[in-house]
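Chain by chain, the residues run as shown.
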Amino acid sequence: MKRVLLLLCMLLFLALPVCAAEEIGVDTDILEQALPEEAYELMPEITLDDMPDFWSGTKNLLLRALAKTNGSLQSGLRLCAILIGLLTLCAVADMSSVNKFGGAVSAAGALGICAAFVGEFNAMVTMSQNTIQTLSDYSACLLPVLATAAAMSGGMTAAAALHTGTLLFSELLLQLISKLLIPGVFFFLAVATAEAALSSDALKELREFIGWLISKSLRIMLYVFLAFLSLTGVIGGAADAIAVKTTKAAMSGMVPVVGGMISDASETILASASIIKNSIGVFGMIAVLAICILPFLKIGVQYLLLKVTAAISGTVGLKPHVTLLKNFSAAMGYLLAMCGTCSLLLLISGVCFLKVVV
Amino acid sequence: MEAVRSYLLSVVAVCMITVVANGMIQKTSLKRIVRLIGGVLVLLVAIRPLLSLDMGKISSYLEEIDAGYALDTGSIRTTQDELLRQQVKETAEKYIENEAKALGGLLQAEITLSDGEYPVPVSVKLIGTLTPEQLQTVSAYIEAALNIPADRQEWRLYG
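Residues numbered from 1 in each chain as written. Chains lettered and ligands numbered in written order. Predicted model: local features only at pLDDT ≥ 70, side-chain atom pairs only at ≥ 80, totals over all residues. Heavy atoms only, no water.

## As for the packing of aromatic side chains
All names here are of chain A. Counted under the stated rule, the structure contains 8 aromatic pairs over all chains. Aromatic side chains Phe 169 and Phe 225 sit 5.2 Å apart centroid to centroid with 55 degrees between the ring planes, which places their arrangement in the tilted category. Of the two residues, Phe 169 sits in helix H7 (residues 156–198) while Phe 225 sits in helix H8 (residues 204–254), which places them 56 residues apart along the sequence. Taken together, the ring pairs in this structure connect Phe 117, Phe 121, Phe 186 and Phe 328 into an aromatic cluster. (Phe/Tyr/Trp six-rings, centres within 6.5 Å; stacked < 30°, edge-to-face > 60°. Helix = DSSP H or I, 4+ residues; strand = E, 2+ residues; numbered from the N terminus.)

Dropping the structure here:
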């Protein structure tokens, strides 16, 4: 009889309600409200109320975004046709001209190719700047909510460190990209154009240095951030696990018979917060992908088309002009890398928050 | 960051001017002079700003960015403590009420928790209808299971 009564009591405790997000001090409405319209259109079926499925959400996102890149493909092909046309004209003009005008053909061709390219490139720069700014603004909403949920699920130390670190690196990256790297890409283009116009190797080292500076800055930023995350995960996780175990042991020790059941009350809160944290984390990662996927695809299409153009123009164009085209595609690649680094930083951070398990 | 951009711009500009000037001049003797002047200019523009580089300013810049990104763990801990206290209170009260129900009585319990770091039941107010035998059993249970002695149990019985 006593065993039956005890079993009934235990079943009653299992029926304790799971906490809602508001009860644990987490405001999740802001995550849906802060999403830009374009991103929201790519993920209409995903809400925070149901536990979002990451893979099907990402797959649908990708398919919808791909369908919207048609315009970008058309304009990229138009640009490539203009560039190949210019290259061919310059090659023909160079073959027909007398020696003393050869330099002028090279210079005029380089400037013409640059003028044709720069309009499209400016549009891509504006798009990537807007994307990076939007990612930064959204991370300012997402990270505090995610960090609060992670802290409520028991990972106080790890969540605080991840929150501070991610926001700091995100802000540093934004400053670096907007104030140094994007102007650096324009310097890169200017030097590459001058190099092609003068048909000389004098500026080659300077151009390679600027390219190296841009790609290495992004890589170093990402590596340092990954190192920080790895250390935080290990140190913070250990501290949090000890804190939770200490609380449970202290409470179950203080109250003789039902102490274990009372200390399990703290587990209920941690479990509820953990479910909410996972939901927010998955939604947040899909939202980050939704913000960056369309610009990423558009810039990626331009980058690939320029690569192909540079490859096929080698058969007809003058060497300085072909090198110039390769440098243009490299510049587009730097823009792609900037967008990619910003979104990767947030995605990795989101994964680390999800991995905060005590 | 603006300083780094200006520095890069000035280095790029002086290099390009030097190369363009070299490219435009055909006479060898003049080319030598232009190259020499260009070299001195590049040296001044590239090296001189680095001599006045202050690492302390970079450190202050990073500190400025870092300020204001700390997570408010204090308020999260407060919310966590409140939720825990609520859960512990509800759990203990339900335990007492279910014990009384199992014995055939009807009881409403109101637990008071300690103010320390870990909330544990310290006293209880009980309102309900129990026979004297049931009361004794429940009181003994409360003392044994929740560590609340009889002098901290306040009973109000009806019927």
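## Thoughts on the interface of chain A and chain B
The partner chain B presents 43 residues to the 58 residues of chain A that form the contact. Between chain A and chain B, a total of about 4500 Å² is buried, with carbon and sulfur atoms accounting for 82% of that surface. Summed over the shared surface of chain A and chain B, the result is 1 salt bridge. A salt bridge links Glu 2 of chain B to Lys 179 of chain A, with the nearest nitrogen and oxygen atoms 3.3 Å apart. Where chain A touches chain B, the interface holds 3 residue pairs in polar contact (both at pLDDT 80 or more). Residue assignment for the side of chain A that touches chain B shows that the elements contributing at least two residues are helix H1 (2–14), helix H6 (102–152), H7, H8 and helix H9 (259–313) of chain A. (Contact = heavy atoms within 4.5 Å. Buried area = accessible area lost by both parts, 1.4 Å probe. Salt bridge = Lys/Arg side-chain N within 4 Å of Asp/Glu carboxyl O. Polar contact = N/O pair within 3.5 Å; in protein donor to acceptor, adjacent residues only side chain to side chain.)

## Structural notes on the nonpolar core
Phe 121, Ile 177 and Met 338 of chain A together with Ile 96 of chain B are the most contacted members of the largest nonpolar core, which totals 130 residues. Of the domains in this structure, domain 1 (2–66) and domain 2 (77–157) of chain B are the two that each give at least three residues to this core. (Core = buried A, V, L, I, M, F, W, Y, C linked by side-chain atoms within 4.5 Å. Buried < 20%, exposed > 50% of the residue type's maximum accessible area, 1.4 Å probe, protein only. Domains from an automatic or database assignment.)

## Some words on the domain arrangement of chain B
Split by domain assignment, chain B resolves into domain 1 (2–66) and domain 2 (77–157). Each of domain 1 of chain B and domain 2 of chain B was reduced to a C-alpha centroid, and the two centroids are 79 Å apart.

## Things to note about the environment of Ala 197 of chain A
Tracing the backbone shows Ala 197 of chain A in helix H7. Between the alpha carbons of Ala 197 of chain A and Ser 343 of chain A there is a distance of 37 Å; along the sequence they are 146 residues apart.

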